Amino acid sequence: MNSSIFHARKAKDFIAPLEADIVRLLSELVRTDTVAAPPNGNETAGQNVLAEFLRSYGIVPDVYETAFVSSSGHPYVRPDRDYRGRKNLLAATRGSGRGRSLLFNGHMDTVPPGHGAWTDSPWSGVVRDGRLFGRGSIDMKAGLAAQFSVLCALRKQGIRLGGDLYAESVVDEEWAGGGGTLAARLHGPRPDACAIPEITNREVALATRGGAMIDLVAEGGDAKRYFSNEEVVSPAIAVGRLLGWVDSWVERRRHADRGEAYRDFQDPAPVQVLVIEAHRMDYSEPAHVPLTAGVRVYFQFLPHEDVPAVLAEVRASFDDFCGRDPFFREHRPLWRPLFNPPLLGHELAPEHPWSQCFVNSAAGVLGDRPKVTATPYPCDAFLIHREFGIPTLLFGPSGAGAHNPDEYVEIASVLDTAAVYLAAAMEWCGA
Ligand SMILES: [Zn+2]
């Protein structure tokens, strides 16, 4: 029997007795509001739940302030965020010193529940048909529960790995923050490899995309002229033409050089309109021509792309479009990035020892070779992989509804994720 098969069997045996505890931790985390709404975030409430769980296994976590990141001078610090009182959590099991070190990274913040209709409360943690529902269930409290349970399982079995194993829960990942992960790398550790249990539906993702959101806001109307004999100029119709310009970029980006990781994606570098805003269709607003109108456009970038160069090209095309439009020539719309600098993608080679180790471990646990793919979203991975040179991949549970109502995770997939992470840790760090 080769070692990855052996470790996979052991991992399943060691995770099985923790099943009830893992589900209980996940449920408690989902029932704890850890919403981040810039500039603030309520992650510390969740870190406290996690810390208590770890202590019940005899693991004493390091729960530390992240506010120092604001004055670190790192180019990825978001100056619009307030980190005071927002804490990261780090747990470690020290190895014998004869193996490679490994980090599991997950984020504690969630997006808000939104205004859509939920079947149950967003904080219910209710279980139906093997699915656990609630905001943050799949994004990514299930991943957190899985990764920390690996340390608990090792502790329970009294196993010491060769290399150090770390698991961290960070703040400020949503809204392109990255501040929690940045604080975590500056604080340490800086291990030999990293895995992130974001939603991947039990596939191994070796690459992520970059992203930028840009608000394009036009002003045209003059409120004082309304109900006078003068014509009120509405920016809304002009913004309709602006959508046509966005659509030209949807088409252009569809033909971007897709590279290796996104080879099989239908739309490798999507351009999406997230918001069209002009007025509200309800009686809380009196009938009048809107004074401002705008769109929020979301560009994603491939791992190999020069993101600032692509954005400069988009900007030049926007300026050109505005110069030729009869309304925008007079009323130049604002170009307002939601976050700056933009997120980058990342890519780990399939031949890299960490990729191979992880895929073999996952195959051993799942019984089948997992699909090796890339994520359809950006995340913190590039910060760890590119800014700090730590080879990073993603593998996480199955579920749906992230950033939408009725978000859920499939509980069986959380246990699979835990076992895969444990098997990979034994294989990578040495056991
Ligand atoms: Zn996430």
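The residue numbering used here restarts from 1 in each chain and proceeds along that chain's sequence as written. Under the rules for a predicted model, residues below a pLDDT of 70 receive no local features and side-chain atom pairs below 80 are neither given nor counted, while totals for whole chains, interfaces and linings still include all residues. Where side-chain values are given, they derive from all heavy atoms of the structure, hydrogens and water being excluded.

Chemist: Got a minute to help me understand the coordination of the zinc ion in this structure?
Modeler: When a metal holds four donors in a tetrahedron, each ideal angle between them is 109.5 degrees; when it holds six in an octahedron, the ideal angles are 90 or 180 degrees. Only N, O and S atoms count as donors, using a 2.8 Å limit from the metal and a wider 3.2 Å limit for Na, K and Ca, and since water is excluded some coordination spheres may look unfilled. Protein ligation of the zinc ion involves His-107 (NE2), Asp-139 (OD), Glu-198 (OE) and Glu-198 (OE), the donor distances falling in the range 1.9 to 2.6 Å. Here a site with four donors is tetrahedral if all angles are between 85 and 135 degrees, and a site with four or six donors is square planar or octahedral if opposite donors are over 155 degrees apart and the other angles are between 65 and 115; anything else gets the irregular label. In this structure, the zinc ion is surrounded by four donor atoms whose angles at the metal cover 54 to 141°, and the resulting shape is irregular. Each donor residue of the zinc ion lies on the same chain, and together they follow the pattern H-x31-D-x58-E. In this pair, His-107 sits in strand E5 (residues 102–107) while Glu-198 sits in the loop between strand E9 (194–196) and strand E10 (204–208), placing the two residues 91 residues apart along the sequence. Burial here depends on accessible area, computed with a 1.4 Å probe over protein chains only, as a share of the maximum for the residue type. Under 20% is buried, over 50% is exposed, and the range in between is partly exposed. Looking at His-107, the relative accessible area reads 2%, which means it is buried. Under the relative-accessibility criterion, Glu-198 is labelled buried at 5%. Per the convention used, a helix needs a DSSP run of H or I reaching at least four residues, while a strand needs a run of E reaching at least two, with both numbered from the N terminus.

Chemist: How do you make sense of the sheet that holds strand E12 (residues 271–277) when you look at a structure like this?
Modeler: Paired through their backbone hydrogen bonds, the strands of a sheet run either parallel or antiparallel. Following DSSP output, two strands are said to pair if at least two bridges run between them. If you trace the four strands from one edge of the open sheet to the other, you get E12-E13-E11-E14, paired in antiparallel fashion. Two strands close off the open sheet at either side, each with one partner strand: E12 and strand E14 (334–337). When the angles between neighbouring strand axes are averaged without regard to direction, this sheet yields 20°. In this structure, E12 lies alongside strand E13 (residues 292–301), joined through six bridges in antiparallel fashion. Considered in E13, the bridge of Glu-277 is made with Gly-294. We call two residues in contact whenever any of their non-hydrogen atoms come within 4.5 Å of each other. For every element, the axis is a line fit to its C-alpha atoms; helices are fit only across the contacting stretch, and the angle between N-to-C directions ranges from 0 to 180 degrees. Together, strand E11 (210–219), E12 and E13 form the strand contacts of helix H6 (residues 235–254), whose direction differs from that of E13 by roughly 10°.

Chemist: Could you clarify how one ought to interpret the sheet that holds strand E19 (residues 408–410) in this entry?
Modeler: Across the sheet, which stays open at both edges, the four strands sit in the order E6-E7-E19-E18 with antiparallel pairing between neighbours. Edge positions in the sheet fall to strand E6 (127–128) and strand E18 (399–400), since each of these pairs with one other strand and no more. On the sheet, helix H2 (residues 19–30) packs against strand E7 (131–133) and E19 and is oriented at approximately 25° with respect to E7. Sheet strands touched by helix H4 (residues 137–157): E7, E18 and E19. Its angle to E19, the strand with the most contacts, is close to 45°.

Chemist: Is there a simple way to think about the packing of H2 against helix H11 (residues 411–429) in this case?
Modeler: The angle between the axes and the distance between the axes are what describe a pair of packed helices. Contact geometry for H2 and H11: axes closest at 11 Å, N-to-C directions at 115°. Overall, the two elements H2 and H11 adopt an arrangement that is roughly perpendicular. The two elements H2 and H11 meet at a crossing, and its hand is right-handed. Side by side, H2 and H11 meet where Glu-19, Ile-22, Val-23 and Leu-26 of the first sit next to Ile-411, Val-414, Leu-415 and Ala-418 of the second. Here the contact of H2 with H11 is composed, by residue class, of seven nonpolar, no polar and one charged. Comment on the angle field: the value is read as roughly parallel under 35 degrees, roughly antiparallel over 145, roughly perpendicular from 65 to 115, and oblique elsewhere. Each helix crossing is assigned a hand: it is left-handed if the near helix lies turned anticlockwise from the far helix by less than a right angle, otherwise right-handed if that turn is clockwise. Three classes are used: nonpolar for Ala, Val, Leu, Ile, Met, Phe, Trp, Tyr, Cys and Pro, charged for Asp, Glu, Lys and Arg, and polar for all others, with Gly counted as polar.

Chemist: Hey, could you run me through the state of the cysteines in this one?
Modeler: Such a bond, covalent and formed between the sulfur atoms of two cysteines, is termed a disulfide. Disulfides are defined as cysteine sulfur pairs within 2.5 Å. Taken as a whole and assessed by the stated rule, the structure comprises zero disulfides. With no disulfide partner, Cys-152 has as its closest neighbouring cysteine sulfur the one in Cys-429, 16 Å distant. Summary of cysteine pairing: Cys-379 is not part of a disulfide, and the nearest cysteine sulfur, belonging to Cys-194, is at 9.4 Å.

Chemist: For this particular structure, what's the right way to read the pairing of E11?
Modeler: Sheet faces and side chains relate simply in a regular strand, where the side chains alternate between the two faces. The buried count for E11 comes to nine of 10 residues, which makes it a mostly enclosed element. For E11 and E13, the ladder comprises 10 bridges, and the chain directions are antiparallel. Its bridge partner being in E13, Leu-216 is matched across the sheet by Val-295. Relative to E14, E11 runs antiparallel, the two being bridged by four bridges. The residue of E14 that forms the bridge with Val-217 is Leu-334.

Chemist: Explain the pattern of salt bridges here, please?
Modeler: Close approach of charged atoms allows side chains of opposite charge to pair. Salt bridge, as used here, is a side-chain nitrogen of Lys or Arg placed within 4 Å of a carboxyl oxygen of Asp or Glu. Counted according to the given criterion, the structure contains 24 salt bridges. The residue Glu-28 makes a salt bridge to Arg-24 at a minimum N-O spacing of 3.5 Å. Note that Glu-28 and Arg-24 are positioned in helix H2 at a spacing of four residues, about one turn of the helix. With a relative accessible area of 38%, Arg-24 lands in the partly exposed category. Two residues, Glu-260 and Arg-263, come together in a salt bridge whose shortest N-O distance is 2.2 Å. Given a relative accessible area of 54%, Glu-260 falls into the exposed group. Given a relative accessible area of 43%, Arg-263 falls into the partly exposed group. Members of the salt-bridge network, linked through shared partners, are Glu-43, Asp-80, Arg-81, Arg-86 and Asp-172.

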